[in-house]
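# Survey of secondary and tertiary structure
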Amino acid sequence: MLTANHLSHTYGSGAGAHAALADIDFTVEQGELVSIVGPSGCGKTTLLRTLSGLMRPTGGSVTFHGDEIVEVPTGLAMVFQDYSRSLYPWLTVEDNVRFPLRRLHLPKEELRSRIDEALAAVGLTGHAAKYPGQLSGGMQQRVAIARALAYRPEILLMDEPFASIDAQTREDLEDLVLEVKQRFSMTIIFVTHDIDESVYLADRVVVLSKPPTRVVTILDVPLPGERDQISTKELPEFIRLRGEVARLIRHPRDAQEPVAAAAG
Ligand SMILES: Nc1ncnc2c1ncn2[C@@H]1O[C@H](COP(=O)(O)OP(=O)(O)OP(=O)(O)O)[C@@H](O)[C@H]1O
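Treat the numbers as computed from the prediction; the structure is a model and nothing was measured.

This brings us to the overall build of the protein chain. For the protein chain, the count of helices and strands is 9 helices and 10 strands. Taking 2.2 N^0.38 as the reference for a compact globule, 264 residues should give roughly 18 Å; the C-alpha atoms of the protein chain span a radius of gyration of 18 Å, in line with that estimate. For the protein chain, the C-alpha atoms occupy an extent of roughly 50 × 45 × 30 Å along the three principal directions. Total accessible area on the protein chain stands at roughly 12200 Å², and carbon and sulfur atoms take up 50% of it.

The next thing to look at is the site of the ligand. Taken together, Tyr11, His18, Ala20, Ser40, Gly41, Cys42, Gly43, Lys44, Thr45, Thr46 and Glu160 make up the full set of residues near the ligand. With respect to the ligand, the side chain of histidine 18 contributes an N or O atom lying 3.3 Å from an oxygen atom. Lysine 44 has a polar backbone atom sitting 2.9 Å from an oxygen atom of the ligand. Surface burial for the ligand is 54%, taken as the share of its 640 Å² of free accessible area covered by protein chains. Looking at the shell around the ligand, the elements with two or more residues in it are β2 (18–28) and α1 (44–52).

Below, the discussion takes up the packing of aromatic side chains. The geometry of two aromatic rings is summed up by the distance between their centres and the angle between their planes. Counted according to the given criterion, the structure contains 3 aromatic pairs. An aromatic cluster of at least three residues, connected via ring pairs, comprises Tyr88, Trp90 and Phe99. Lying over the aromatic face of phenylalanine 99, arginine 102 brings its terminal NZ or CZ to 3.9 Å of the ring centre. Positioned over the ring face of tyrosine 200 is lysine 233, at 4.9 Å from the centre of the ring.

So, on to the side chain of glutamine 140. Following the sequence through the fold, glutamine 140 ends up in helix α5 (residues 137–151). Judged by relative accessible area, which is 11%, glutamine 140 ranks as buried. At 3.2 Å, the side chain of glutamine 140 forms a polar contact with the backbone oxygen of proline 132. Filtering out sequence-adjacent residues up to four positions away, glutamine 140 remains in contact with Tyr83, Ser84, Leu87, Pro132 and Leu135.

So, about the UniProt feature "domain: ABC transporter" (unreviewed entry) in the protein chain. The feature "domain: ABC transporter" (unreviewed entry), as given by UniProt, occupies residues 2–235 in the numbering adopted here. In residues 2–235, the share of helix is 33% and the share of strand is 26%. The end C-alpha atoms are 31 Å apart.

This part is about the nonpolar core. The biggest cluster of nonpolar side chains holds 53 residues, and the ones touching the most others in it are Met158 and Val207. With 8 residues, α5 is the largest single contributor of residues to this core. In contact with methionine 158, other than residues within four places in its own chain, are Leu48, Val79, Ile145, Val177, Ile188, Ile189, Phe190 and Val191.

The residue arginine 253 is located in the segment after α9 (236–250) in this model. Residue arginine 253 is classed as exposed on the basis of its relative accessible area of 82%. Residues arginine 253 and serine 209, 44 residues apart in the sequence, show an inter-C-alpha distance of 9.6 Å.

So, about the environment of valine 216. Position of valine 216 among the secondary structure elements: in strand β10 (residues 213–220). Remark: the alpha-carbon pair of valine 216 and alanine 144, spanning 72 residues in sequence, is separated by 31 Å.

Attention now moves to the pattern of salt bridges. Inspection of the entire model under this criterion finds 17 salt bridges. Between glutamate 174 and arginine 170 there is a salt bridge, with the nearest N and O atoms lying 3.6 Å from each other. Of the two residues, glutamate 174 and arginine 170 are both situated in helix α6 (residues 167–184); the distance of 4 residues between them amounts to about one turn of the helix. Two residues, glutamate 197 and arginine 170, come together in a salt bridge whose shortest N-O distance is 3.0 Å. One end of the pair, glutamate 197, is in helix α7 (residues 195–201); the other, arginine 170, is in helix α6, and 27 residues separate them in sequence. Arginine 170 gets classed as buried once you look at its relative accessible area, which sits at 12%. A single network of salt bridges, built from pairs that share partners, joins Glu94, Asp95, Arg98, Arg112 and Asp116.

To continue, consider the pairing of β2. As judged from the 7 bridges shared by strand β1 (residues 2–11) and β2, these two strands associate in the antiparallel manner. Each residue of the ladder has a partner; that of leucine 2, found in β2, is valine 28. A loop of 6 residues connects β1 with β2, the two strands running antiparallel in sequence, and glycine 12 in this loop sits at a positive phi of about 70°. As paired elements, β2 and β10 share 2 bridges and run parallel to each other.

Another aspect to go through is unusual backbone geometry. Generally, phi is negative for residues other than glycine and the peptide bonds are trans, each holding for most cases. With an omega of -10°, the peptide bond running from proline 211 to proline 212 counts as cis. Summarising the element assignment, proline 212 is placed in the loop between β9 (204–208) and β10. Even without a glycine there, the phi angle at glutamate 160 is positive, about 40°. Note on placement: glutamate 160 falls in the loop between β7 (155–159) and α6.

Calculation rules
Residues numbered from 1 in each chain as written. Predicted model: local features only at pLDDT ≥ 70, side-chain atom pairs only at ≥ 80, totals over all residues. Heavy atoms only, no water. Helix = DSSP H or I, 4+ residues; strand = E, 2+ residues; numbered from the N terminus. Rg over C-alpha atoms; globule rule 2.2 N^0.38 Å. Areas by Shrake-Rupley, 256 points an atom, 1.4 Å probe, with all protein chains shown as cover. Near = heavy atom within 4 Å. Polar contact = N/O pair within 3.5 Å; in protein donor to acceptor, adjacent residues only side chain to side chain. Phe/Tyr/Trp six-rings, centres within 6.5 Å; stacked < 30°, edge-to-face > 60°. Lys NZ or Arg CZ within 6 Å of the ring centre and 35° of its normal. Buried < 20%, exposed > 50% of the residue type's maximum accessible area, 1.4 Å probe, protein only. Contact = heavy atoms within 4.5 Å. UniProt positions renumbered as here; feature names shortened; annotations may be inferred. Core = buried A, V, L, I, M, F, W, Y, C linked by side-chain atoms within 4.5 Å. Salt bridge = Lys/Arg side-chain N within 4 Å of Asp/Glu carboxyl O. Pairing = 2+ DSSP bridges.

Shown next as structure tokens:
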């Protein structure tokens, strides 16, 4: 569905050039949740921006259904870490969710039902008329998720969306992501620096090296589809995977196999 082909990106040029991404190859298939982890500053945000079409890579390409991405495709939505900057503070919750839907020119009734359904899915039905400033951080990030859901993207890109949210709310939001993935058969790319989160949410984990960044390996996550914050994290397989991701981030040369270029 979405493929990075020899994707590279260098900021600046000459003596001041910084090779953020060296050579990235992977494919995300329909209905998968792929998490992306790596050491701090390895270029996760740069990767997500190039995958989304927000930024053109300096080398290689990204294809979506086989077509090269040159701008943000209609079927793609993003949720950013900084919810306070991604929501419009002067619009109500409902109007924030409505805003990107203008692009779709939907009939009035469908617009209404999409907004209602998205707000219900994130548990914010009773808060539609409030403004972002009247909500907690976790609730604001729910609004950003509702906005993406109402848009019904084919693929959702999430850039460390829960990094600045307290641990308990974060777990609730992780479960919300799993629930909406299931319910809307959504394809999701989830960037995080949290190893537990990367394993808990994913069908596959892409582990990146430090810059110039490459894919160290792509791990399958053979955990049960139904996940639970306590029992899933107690499973020996979860503990093994968590350890493996942590080791590969620290010691990328321990990767068992050469980088897998395609989906598992
Ligand atoms: N606009 C820019 N100009 C120059 N260098 C940049 C620019 N944006 C990012 N970089 C550099 O590219 C590298 C990768 O940055 P990026 O933000 O993509 O990493 P990250 O993995 O998301 O970081 P973090 O782990 O801190 O969230 C960093 O060294 C950063 O300083």
